[in-house]
Amino acid sequence: MEYNTDKYEHGYIPIYEEIFEKLRNKELRLLEIGVFEGESLKMWREFFLKGKIVGVEIDPKRCSNIEGCEVINADATKYFQGSAGPRDIIIDDGSHKFEDILASFNLLWPSLNPGGVYVIEDIYGSNDTSQVIDVMVDKHKAIFGKEFKSIELRNQLLILKK
């Protein structure tokens, strides 16, 4: 079933199916930042039938209630200060601004379970692409180095596995 999410037009769906297929039937916790009208949450709910799907959207006029999902209307960089809870998958499709990407990553990466996947979408949508990659990959290896299982740039997705 196709949902009205830009993940199709960007070509992310085949990549997501590939990297998440082994997790599909597991009880897991997925957090997506920047869900716009919530179509991607519906997609994740259908894909991960046993998953707890949580979306964060800063603008409550866009999305406030999606059946079978939890929607938090807040700025993720402020809402999760202090505790983000354990997560298996984190997808950042928020503002695409370097400072927000970095703030979310610094805040949420420690809450990602071992074996978890952290994805930053639309990495080329940021004017600071090389800066994002440099900081996220090179400089954070010094901090989180032992926690990076793999780092991959595919299409416009930066995929970090713990």
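Residues numbered from 1 in each chain as written. Predicted model: local features only at pLDDT ≥ 70, side-chain atom pairs only at ≥ 80, totals over all residues. Heavy atoms only, no water.

Caption draft 1: Structural view of the overall build of the chain. From N to C terminus, the chain includes five helices and seven strands. Along its sequence from the N terminus, the chain presents helices and strands in the succession α-β-α-β-β-α-β-α-β-α-β-β. Expressed as a percentage of its 162 residues, the buried residues of the chain come to 49%. Once local pairs closer than 6 in sequence are excluded, the contacts in the chain between residues at least 24 apart make up 65%. Here the chain has roughly 8300 Å² of accessible surface; of this, 47% comes from carbon and sulfur atoms. (Helix = DSSP H or I, 4+ residues; strand = E, 2+ residues; numbered from the N terminus. Buried < 20%, exposed > 50% of the residue type's maximum accessible area, 1.4 Å probe, protein only. Contact = heavy atoms within 4.5 Å. Areas by Shrake-Rupley, 256 points an atom, 1.4 Å probe, with all protein chains shown as cover.)

Caption draft 2: Highlighting the packing of aromatic side chains. In the structure shown here, the tally under the stated rule is 10 aromatic pairs. Look at Phe47 and Phe48: their rings are 4.8 Å apart centre to centre, the planes differ by 85°, and that puts the pair in the edge-to-face class. With respect to class, Phe47 is no different from Phe48; both count as buried. Following the ring pairs from residue to residue traces out a cluster consisting of Tyr12, Tyr16, Phe20, Trp44, Phe47 and Phe48. A cation sits over an aromatic face here: Lys162 above Trp109, 5.2 Å from the ring centre. (Phe/Tyr/Trp six-rings, centres within 6.5 Å; stacked < 30°, edge-to-face > 60°. Lys NZ or Arg CZ within 6 Å of the ring centre and 35° of its normal.)

Caption draft 3: Quick peek at helix H1 (residues 12-20). Three or more residues of H1 are buried, namely Tyr12, Ile13, Ile15, Tyr16, Ile19 and Phe20. Projected onto a plane normal to the axis of H1, the buried residues spread over an arc of 160° and lie on a single side. Residues Pro14 and Glu18 are exposed on H1 and point more than 90 degrees away from its buried face. Those residues of H1 hidden inside the fold are in contact with helix H2 (39-47), strand E4 (87-92), strand E5 (112-120), strand E6 (150-154) and strand E7 (157-161). (Arc of directions from axis to C-beta.)

Caption draft 4: Representation of the packing of H1 against H2. At a closest axis distance of 13 Å, the pairing of H1 and H2 adopts a crossing angle of 35°. As H1 runs across H2, the sense of the crossing is right-handed. Listed contacts from H2 to Ile13, Tyr16, Glu17 and Phe20 of H1 are Met43, Trp44 and Phe47. A per-class count over the contact of H1 with H2 returns six nonpolar, no polar and one charged. (Axes fitted to C-alpha atoms, helices over the stretch in contact; angles between N-to-C directions. Left-handed = near helix turned anticlockwise from the far one by under 90°. Nonpolar A, V, L, I, M, F, W, Y, C, P; charged D, E, K, R; others polar.)

Caption draft 5: How the structure looks around the sheet that holds strand E1 (residues 29-33). One open sheet accounts for seven strands, arranged E3-E2-E1-E4-E5-E7-E6; its pairing is mixed. Among the strands making up the open sheet, the edge pair consists of strand E3 (70-72) and E6. Sheet twist, expressed as the average angle between the axes of neighbouring strands with direction ignored, equals 15°. Across the sheet, H1 lies against E4, E5, E6 and E7, angled at about 10° from E7, the strand it touches most. H2 rests against E1, strand E2 (52-56), E3 and E4 of the sheet, and its axis sits at about 170° to E2. (Pairing = 2+ DSSP bridges.)

Caption draft 6: How the structure looks around the pairing of E4. Counting buried residues along E4, five of its six residues qualify, which places the element largely inside the surrounding structure. As paired strands, E1 and E4 are joined by four bridges and run parallel to one another. Within E4, the residue paired with Leu31 across the bridge is Ile90. Pairing geometry for E4 and E5, over five bridges, is parallel. The partner of Arg87 across the bridge, within E5, is Leu112.

Any functional reading would require information that these geometric values do not contain.
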